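Observations on the three-dimensional arrangement
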Amino acid sequence: MALRELASLEKYLGLKKPNKYSTQGDKKVPVLQNNNAPPLVGLVTIACHLVKEAKRPELLGDGAEGRAVVQQWLEYRVTKLDSHTKEDIKSILKDLNLYMQDKVYLAGNQFTLADVLMYYGIHAIILDLAVQEKEQYVNVARWFDHIQHHPGVRHHLPPVVVLRNRLYTSRHH
């Protein structure tokens, strides 16, 4: 899966020459074969390298705090999201929903690499949720829908239907 994500990230970044990837180990950790340099290992390491190669530093966050928040979410993606069990899903969604309560993007008000990789990582989870479950995580659903409609991000993934605002009638108003 990580190899498809990296290929999609390359397309999103507008990189013309596709890189050569392989995987290593049981967890199929991605490896970028770098021409004369040593290979780069790991989804986050390679993704950050691609962003720098594309000369898109804003995707890594603005300022020291912004960069730290982006790195935090990239680390979360690899350590928590990629190794989740079925029992972890509700906890992950609950935590993310609470965090996204007052944010447009993971790093506040700026679209970053963290949004792209978290979107790729959480896509299968959101795809499997029933409509009622998506409604429980309204902030996650809002963020997810926003990211999936961001130009060029969704490449290899099918769209997920997310209901917009539900309007309830009230006779009290």
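Coordinates for the structure precede this section.
The text that follows walks through the structure, step by step, so that each part is easy to find. (Residues numbered from 1 in each chain as written. Predicted model: local features only at pLDDT ≥ 70, side-chain atom pairs only at ≥ 80, totals over all residues. Heavy atoms only, no water.)

Things to note about the packing of helix α4 (residues 89-99) against helix α5 (residues 113-128)
In a packed pair of helices, the relevant descriptors are the angle between the two axes and the axis-to-axis distance. The interhelical angle for the contact between α4 and α5, taken along N-to-C directions, is 125°, at an axis separation of 12 Å. Judged by the angle between their axes, α4 and α5 are oblique. Along this stretch, α4 crosses α5, giving a crossing that reads as left-handed. Contacts from Ile89, Leu93 and Leu96 of α4 reach α5 at Met118, Ile122, Ile125 and Ile126. (Axes fitted to C-alpha atoms, helices over the stretch in contact; angles between N-to-C directions. Helix = DSSP H or I, 4+ residues; strand = E, 2+ residues; numbered from the N terminus. Parallel < 35°, antiparallel > 145°, perpendicular 65-115°, else oblique. Left-handed = near helix turned anticlockwise from the far one by under 90°. Contact = heavy atoms within 4.5 Å.)

Concerning unusual backbone geometry
Phi at Lys28 takes a positive value of approximately 50°, unusual for a residue other than glycine. Along the polypeptide, Lys28 turns up in the loop between β1 (21-24) and β2 (29-32). Phi at Lys55 takes a positive value of approximately 55°, unusual for a residue other than glycine. Looking at the element boundaries, Lys55 is found in the loop between α2 (43-53) and α3 (63-81). Taking the relative accessible area as the measure of exposure, Lys55 reaches 68% and is therefore exposed. (Buried < 20%, exposed > 50% of the residue type's maximum accessible area, 1.4 Å probe, protein only.)

A short note on the environment of Val116
Position of Val116 among the secondary structure elements: in helix α5. In sequence terms Val116 and Pro57 are 59 residues apart; their C-alpha atoms lie 14 Å from each other.

A few points about the nonpolar core
Leu13, Leu93, Leu113, Ile122 and Trp143 are the most contacted members of the largest nonpolar core, which has 52 residues in total. For this core, the elements supplying multiple residues, two or more each, are α1 (2-13), α2, α3, α4, α5 and α7 (138-148). Looking at which element gives the most residues to this core, the answer is α5, with 10 residues. Not counting residues within four places of it along the chain, the set of residues in contact with Trp143 comprises Met100, Val104, Tyr105, Leu106, Asp115, Met118, Tyr119 and Ile122. (Core = buried A, V, L, I, M, F, W, Y, C linked by side-chain atoms within 4.5 Å.)

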